[in-house]
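# Residue-level structural notes
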Amino acid sequence: MATSRTLFIPWDRAQSGTFASEHSDADHSDKGSAHRKRKVTVICRDTPGKPLAKIGAGIGTRIHVVGHGAIGDPELGADHGTGAADVGIEELVDMMFEKGLKKYYLGTVACDVCYSAIGSPSYAKMLARELYKRGLKASCVLGYKGPLISTYHPASQQMLGGSKYTHRMVYEMDENDNRVAVHKSSKMQERFFGFN
C-alpha cells in the first residue's frame, strides 16, 4: 500500500537543487525495490497557495523538512551550488505556517537533515520547541543520529548486508568523524517533543 509523504523545501523551486528531484525521482523510480511505496509531494517556498493545509492532520502523516545540517546548527543549508541563503528555524516555521500548517497537526515533522538528532540541543529539538511555542502541541519532530541518505538508495541493498529492499540509510560515526557502520534510518532516529 502506498504511503504519502510531503517534502518541505524552504527555498524556491529554482533554488531547491537536487533536493526536490532526488526525492521525487528516486522514490518513484525505485518503487519496485522499496519496502514501503511512497507517493512524494514536493512543496517549496514558492509553491502557490497553502498546500500544507491539504495534507491532513492524522498521526500517520509526515512532513519531511529538507536541508543540509551540522551538529547543533540552528540553520538549514541549501543544496550545494544553488547560492541560496541558509534558513533559520524561526524562518522555517514561519514558512510552514504560511503554507498552511495547522496547529492541530498530529503527524510527524521529520528532519531530513544530517545530524539532526545530535547536539545540545539538537536541530530536531530546537525545531520541536519552536513548533510547540507557535501552538503545535501534539506533534513530534524526528531527527537522525548521523549523516542521512534520505532517498531509497539502490546501494542500500548491498550496504545493509544484502537486504531485499532499498532503504534510507544513516552512517554511524566515531569520535574522529569516521564512518564505522551504516544502518537503516529507522535504527538511527530519535523523536523530540517541544514540551520538554
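Residues numbered from 1 in each chain as written. Predicted model: local features only at pLDDT ≥ 70, side-chain atom pairs only at ≥ 80, totals over all residues. Heavy atoms only, no water.

## Description of the overall build of the protein
Helix and strand counts for the protein come out as four helices and 11 strands. Out of the 196 residues in the protein, the part that is buried amounts to 49%. Within the protein, contacts between residues separated by at least 24 positions form 70% of all contacts whose residues are at least 6 apart in sequence. Per element, the accessible surface of the protein, about 9400 Å² overall, is 51% carbon and sulfur. (Helix = DSSP H or I, 4+ residues; strand = E, 2+ residues; numbered from the N terminus. Buried < 20%, exposed > 50% of the residue type's maximum accessible area, 1.4 Å probe, protein only. Contact = heavy atoms within 4.5 Å. Areas by Shrake-Rupley, 256 points an atom, 1.4 Å probe, with all protein chains shown as cover.)

## A closer look at the environment of L136
With respect to the helices, strands and loops of the structure, L136 is situated in the loop between helix 3 (123-133) and strand 7 (140-144). C-alpha separation for the pair L136 and K103, spaced 33 residues apart in sequence, amounts to 4.6 Å. Contact partners of L136, with chain neighbours within four places excluded, come to L101, K102, K103, Y105 and L131.

## A short note on the nonpolar core
Grouped together as the largest cluster of nonpolar side chains are 39 residues, with contacts concentrated most on I9, L92, M96, L101 and L127. At the level of secondary structure, the elements contributing two or more residues to this core comprise strand 1 (3-9), helix 1 (18-29), strand 2 (38-44), strand 3 (62-66), helix 2 (89-98), strand 6 (108-112) and helix 3. Aside from chain neighbours lying at most four places away, what touches L92 is F8, P10, V65, L76, V87, Y123 and L127. (Core = buried A, V, L, I, M, F, W, Y, C linked by side-chain atoms within 4.5 Å.)

## Brief notes about the pattern of salt bridges
Per the stated rule, a full pass over the model turns up four salt bridges. The salt bridge involving D12 is made with R45; its shortest N-O contact spans 3.1 Å. Linking D12 in the loop between strand 1 and helix 1 with R45 in the loop between strand 2 and strand 3, this pair joins segments that are 33 residues apart in sequence. Its relative accessible area of 31% is what places R45 among the partly exposed residues. (Salt bridge = Lys/Arg side-chain N within 4 Å of Asp/Glu carboxyl O.)

## A few points about unusual backbone geometry
In this structure, the amide linkage connecting S120 to the following residue, P121, adopts the cis form with an omega of 0°. Relative to the assigned elements, P121 resides in the loop between strand 6 and helix 3. One non-glycine residue, D177, lies in the positive phi region at around 65°. Note on placement: D177 falls in the loop between strand 9 (167-173) and strand 10 (179-184).

## Quick notes on helix 3
By the criterion of burial, helix 3 is predominantly enclosed, with eight of the 11 residues buried. Among all positions in helix 3, only Y123, A124, K125, M126, L127, A128, E130 and L131 are buried. Elements that come into contact with the buried residues of helix 3 comprise strand 4 (75-76), helix 2, strand 6, strand 7 and strand 11 (189-192). A positive backbone phi angle near 110° is found at G135, which sits one or two residues after helix 3.

## Considerations on the packing of aromatic side chains
Counting across every chain of the model gives three aromatic pairs. Relative to F195, the ring of Y132 lies with its centre 6.2 Å away and its plane at 65°, an arrangement referred to as edge-to-face. Taken together, the positions of Y132 in helix 3 and F195 in the segment after strand 11 put the pair 63 residues apart, joining distant regions of the chain. Exposure remark for Y132: the relative accessible area of 27% places this residue in the partly exposed category. Take F195: its relative accessible area is 52%, and that puts it in the exposed class. Following the ring pairs from residue to residue traces out a cluster consisting of Y132, F193 and F195. Seen from the ring of Y132, K137 lies directly overhead, with NZ or CZ sitting 3.9 Å from the centre. (Phe/Tyr/Trp six-rings, centres within 6.5 Å; stacked < 30°, edge-to-face > 60°. Lys NZ or Arg CZ within 6 Å of the ring centre and 35° of its normal.)

## Comments concerning the pairing of strand 6
When you tally the buried positions in strand 6, you get five out of five residues, the bulk of the element. Of the two faces of strand 6, the one lined by T108, A110 and D112 and the one lined by V109 and C111 are each fully buried. Bridge count for strand 3 against strand 6 is five bridges, and the pairing is parallel. Within the sheet, the bridge partner assigned to H64 lies in strand 6 and is A110. Where strand 6 meets strand 7, three bridges bridge the pair, whose relative direction is parallel. Opposite V109, over in strand 7, you have V141 as the bridge partner. (Pairing = 2+ DSSP bridges.)

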